[in-house]
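# Fold and geometry: a report
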Amino acid sequence: MSSPFLDDRRRAHHFLNRFSLGPTPALLNEVTEIGPEKWLGKQLEGRALPDRRLTRKLVKLGSYALTNREVMDEYVLPTPDNLSQEERRRRQQLRNVPARELRDTVLLQAVYGEDQVKEVACDFFRNHFAVATDVGRVRYYATEYEREVIRNRVFGSFGDMLSASAKHPAMLDYLDNAVSRRPPTKAELKQVELRVRQQTRSKEQAEQASDIAAQRGLNENYARELLELHTLGVDNYYTQADVESVARILTGWTIENDSAKPLGFRFSDNMHASGNKKVLRKTIKENSKQPLMEGEELLDILVKHKGTSEFIAWKLCRHLVNDSPDEKMVARVAGVFRKSKGDLRKVYLAIATDEEFYAPRNIRAKFKRPFEFVVSALRATDAEIDDCSRIHAALGAMNEQLYLCKDPTGYYDQAEAWLDPGAFAVRWKFSRDLLQGKIDGVRVSPAIYDELKDSEPTTWNGLLLERFLPSGAAGETRSALGKTLREYIELGYNSHVEDLAPALISIILGSPDFQKQ
Amino acid sequence: MTHHSISRRRLLQTTGVSLASLPLASLNSASAACLGRSHEDKPLPALVTIFLRGGADAMNIVVPYGTKRYYDIRPTLAIPPPDSEGGALKLDKKFGLHPALADLMPFWEAEQLAPIVCVGSPHSTRSHFDAQDFMERAAPGLRTVHDGWLNRYLALSHDTRKPRRGEAEKANILRAMAMQGLLPRALRGPHAVLAVPSRRVLNDDATLAMFGPLYGNMADDGMGAAVSTAETKGGIVYETGRNTMATMKRFRAIVDDSKNSGKVRYPGGSLSDKLKDVARVVRADEGFEIAALDIGGWDTHSNQGGSEGNMANRLASLGGSLAAFMTDLGPHLENTTVMVMSEFGRTCRENGNYGTDHGHGGMMLVMGGGVEGGKVLGKWNGLDDDDLYQARDLNVTTDFRDVFYEVLRKHMNFDTPRDFFPGYKPDKIKGLMS
């Protein structure tokens, strides 16, 4: 353990702790054999075969492959007054289906997907470009967003994903850009002033009305998060004036309201603020012929900005390597980001093959977020999921429900955010409930006990530790397992695997070791 | 045993920032001499902080109905003046309380409620996340400070009371808690604090029994230390698990003890249930000092509502629950202070979506037996453009740290050591606490 040189199996285990959502025995064997680099190469080429069990489960989710418009047509039916009570309720419940199935889709793919590197990347960018289904109409748009903006682009370029997120109705609605519009023109303000003056005969009131009207329209919400969360990082290279400029540049970026067209992006000339805009020490000239291009130019500036490469590299290293990643490594990765023009596959590869990745300080240095904990436990126990709802409820109890982060930051991936006394108890309960079959719709595979059946109970802990914690366990964990096993044997019970092994595995899943990756 | 060693021990129970290292910097300036607090045999002071997440619109909570321009710049959102329909509840000639907070008026009349206007951070950020971090760490603009101000208090203070029955040998492990699954930033840091899980988890005895050998009972027979080696120790994650086990048991013992239950009717709902449990813990008077909880949904960019509507509904729930809580405390209200705060206020003008955007100066409500209430505190400059921050937001005339400082000093009897509020020279807010 103290040696900085990891043997092949531990090297593979460390690698899979970060580049998969939880190693399984088969996957660990495969990567140990062919080596992390080769396996990663195959994953990045997208050559993994779709898992049949996953396909079987996904086809049951009717909204999984739908566009925004199709979701609206099939799940959002009008509820006029003359409907029966029953039908009204049915229609209202129907509206909740797409978001629920979206959560199922994400969970099932995370657990069963063969494209584990893609799952890790989706998990990262789903939080980087976070939207939440409890805001506005995001619950109808998030299905397409997850599929088209996140999943289909995590192996593409960062700029492409940024642009897709900026134009997707889910983001336009979630961060209000869809309603952000130019302030009124001087002529329009004059009109307001005249009208109020005629009505009230007060010059003062008329001027105030015009002042108020002048404030109308511009919404900085998306502009701020675009700079703060999506590209440059907070207060990094930009000021409040830049936020306002970005908001002005992006006025008119809104959602298509013509039901004959795809429910996607629309540029509204009438909402767009005219004039040159100064942003990030550059001037974006008014483009009156193609005002949409101002926003495209802005996104291009952001994607090429040094600050963006630094911020994305730092965040990815924080996610995949260490809560406080090595600065030199971040700089190297940022360099790859710039050189490759934001080619995300090159960036992942740069992280996985960086000398720092296997440094002792990074081994098991990350604390699993609730999502990572739950998915890795389901993968480790090869659980059969027939109904996801109780798993979502468990994630809710751990404060990490999918697509329901309260802040546009997305869920934090640092230990600091999750490692609270009390929060632990929810993980213990999940570990016990999972192995006791108390999570409705979820069964762990009986095969996880096979190995134990022909062995002496005194060897069980060793076998289980090798399977679930192949990089070793803390003394406290081994002692607790030993004590539990000893008591059981001393009490003279028959050595039924089914009686004791679930308790031992629960303790392993709830141990400090299994919380780390 | 010196104070220093107590801090070290608490640090080992830490919930700090990294799995590998502990943040020690903030403790360096502490000297043992200034930290002791003496209460003799009086009940310990208790502090309850409620954080309105999202930047609550201060001007529609403490309503400046006396400022004419308020009505000009908020044509659809303004709360009408007192005595009109849906009007503000009159506090004084200038200010009224949002009508949905009617349940708090008896406390105003009893001079136990002090609203503070134009309170906020000297830092200009309009980012929720930065503003919240800066405020909860009481270190505006300083990204190097990672522990919360309440945690800092817990880590640096220690109780010099005489031990009560049965607690002489027992470390007090429930000095503070958050009534939610995760700690707010203000309570994060070296001192271990319980984030109270839901009742379903809390009352699951089978699970607690299963994990007893790992996280609980092991300490009793000393095996934990004997079998651990430096390399295989569970470290900070393991220590957090042990804290979870110990503090949950303590919390349950208190709230399940019928002698701690009260008779007051609460309005119901999640906030109300949480405050009911806090009241039990305060009444038990077993060394409890701080409870914190968050309420979300105050980022009202659109459809904020006025006397009625989205924000009014939230305020009604807040006011009703708080009023029940303070009544439920009975005589313990004397030694309890409640603070309601938010990361910033919102734009003075309403926006084009019947809402308001991120602003600067905000408000606080401070309540309790020791509060010199019945008057609105804080300097109000008016709402003309020249009076506003960047011609759009309320200026900050009271630094939020002034309030924190005063509450710690007067209510918690805690003299903040130098650099407790990094880079800040304490300034008293006059007339807040008796």
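Residues numbered from 1 in each chain as written. Chains lettered and ligands numbered in written order. Predicted model: local features only at pLDDT ≥ 70, side-chain atom pairs only at ≥ 80, totals over all residues.

### Description of the packing of helix H27 (residues 497–509) of chain A against helix H7 (residues 205–216) of chain B
Packing of H27(A) against H7(B) brings their axes to within 10 Å, and their N-to-C directions diverge by 50°. Taken together, H27(A) and H7(B) sit at an angle that is classed as oblique. In this structure, the crossing between H27(A) and H7(B) has a hand that is right-handed. On H7(B), the residues that touch Ala503(A), Ser506(A) and Ile507(A) of H27(A) are Met210(B), Phe211(B) and Leu214(B). (Axes fitted to C-alpha atoms, helices over the stretch in contact; angles between N-to-C directions. Helix = DSSP H or I, 4+ residues; strand = E, 2+ residues; numbered from the N terminus. Parallel < 35°, antiparallel > 145°, perpendicular 65-115°, else oblique. Left-handed = near helix turned anticlockwise from the far one by under 90°. Contact = placed C-beta atoms within 7 Å.)

### A short note on the domain arrangement of chain A
Interfaces are often sized by the amount of accessible area the parts lose when they come together. Residue and element names in this part refer to chain A. As far as domains go, chain A holds domain 1 (48–153), domain 2 (178–182 + 217–303) and domain 3 (370–515). Relative to domain 2, the C-alpha centre of domain 1 lies at a distance of 28 Å. Residue-level contacts link five residues of domain 1 with four residues of domain 2. (Domains from an automatic or database assignment.)

### What to know about the interface of chain B and chain A
Counting residues at the interface gives 58 residues for chain B, matched by 59 residues for chain A. Only helix H2 (68–73), helix H4 (128–136), strand S9 (194–195), H7, helix H9 (223–227) and helix H10 (235–255) of chain B provide two or more residues apiece to the side of chain B that touches chain A. The element best represented in the side of chain B that touches chain A is H10(B), accounting for eight residues.

### Things to note about the pairing of strand S6 (residues 113–120) of chain B
For a regular strand, side chains alternate in direction, first toward one face of the sheet and then toward the other. Residue and element names in this part refer to chain B. Burial analysis of S6 places eight of its eight residues in the buried class, which makes it a mostly covered element. Note that S6 and strand S12 (residues 362–368) share six bridges and pair antiparallel. Bridge assignment links Val117 to a residue of S12, and that residue is Met363. Note: S6 against strand S13 (residues 398–399), two bridges, orientation parallel. Residue pairing in the sheet places Gly120 in a bridge with Asp399 of S13. (Buried ≥ 20, exposed ≤ 12 C-beta atoms within 10 Å, placed from the backbone. Pairing = 2+ DSSP bridges.)

### Quick notes on the pairing of strand S2 (residues 46–52) of chain B
All names here are of chain B. The buried fraction of S2 is high, at seven of seven residues. The alternating pattern of S2 places Ala46, Val48, Ile50 and Leu52 and Leu47, Thr49 and Phe51 on opposite faces, both of which are buried. Pairing analysis gives six bridges linking S2 to strand S10 (residues 290–295), with the strands arranged parallel. Across the sheet, residue Ile50 finds its bridge partner in S10, namely Leu293.

### Things to note about the nonpolar core
Counting 264 residues, the largest nonpolar core has Val333(A) and Ile351(A) as its most contacted members. Examining the composition of this core, we find that ten residues originate from one element, helix H12 (residues 310–329) of chain B, more than from any other. Beyond its immediate sequence surroundings of up to four residues, Ile351(A) is in contact with Leu316(A), Cys317(A), Leu320(A), Val321(A), Val333(A) and Phe357(A). (Core = buried A, V, L, I, M, F, W, Y, C linked by C-beta atoms within 7 Å.)

### Observations regarding the sheet that holds S6(B)
The eight strands are arranged S9-S8-S10-S2-S11-S12-S6-S13 (chain B) in an open sheet whose pairing can be described as mixed. Each edge of the sheet is formed by a strand with only one pairing partner; in this case those strands are S9 and S13 of chain B.

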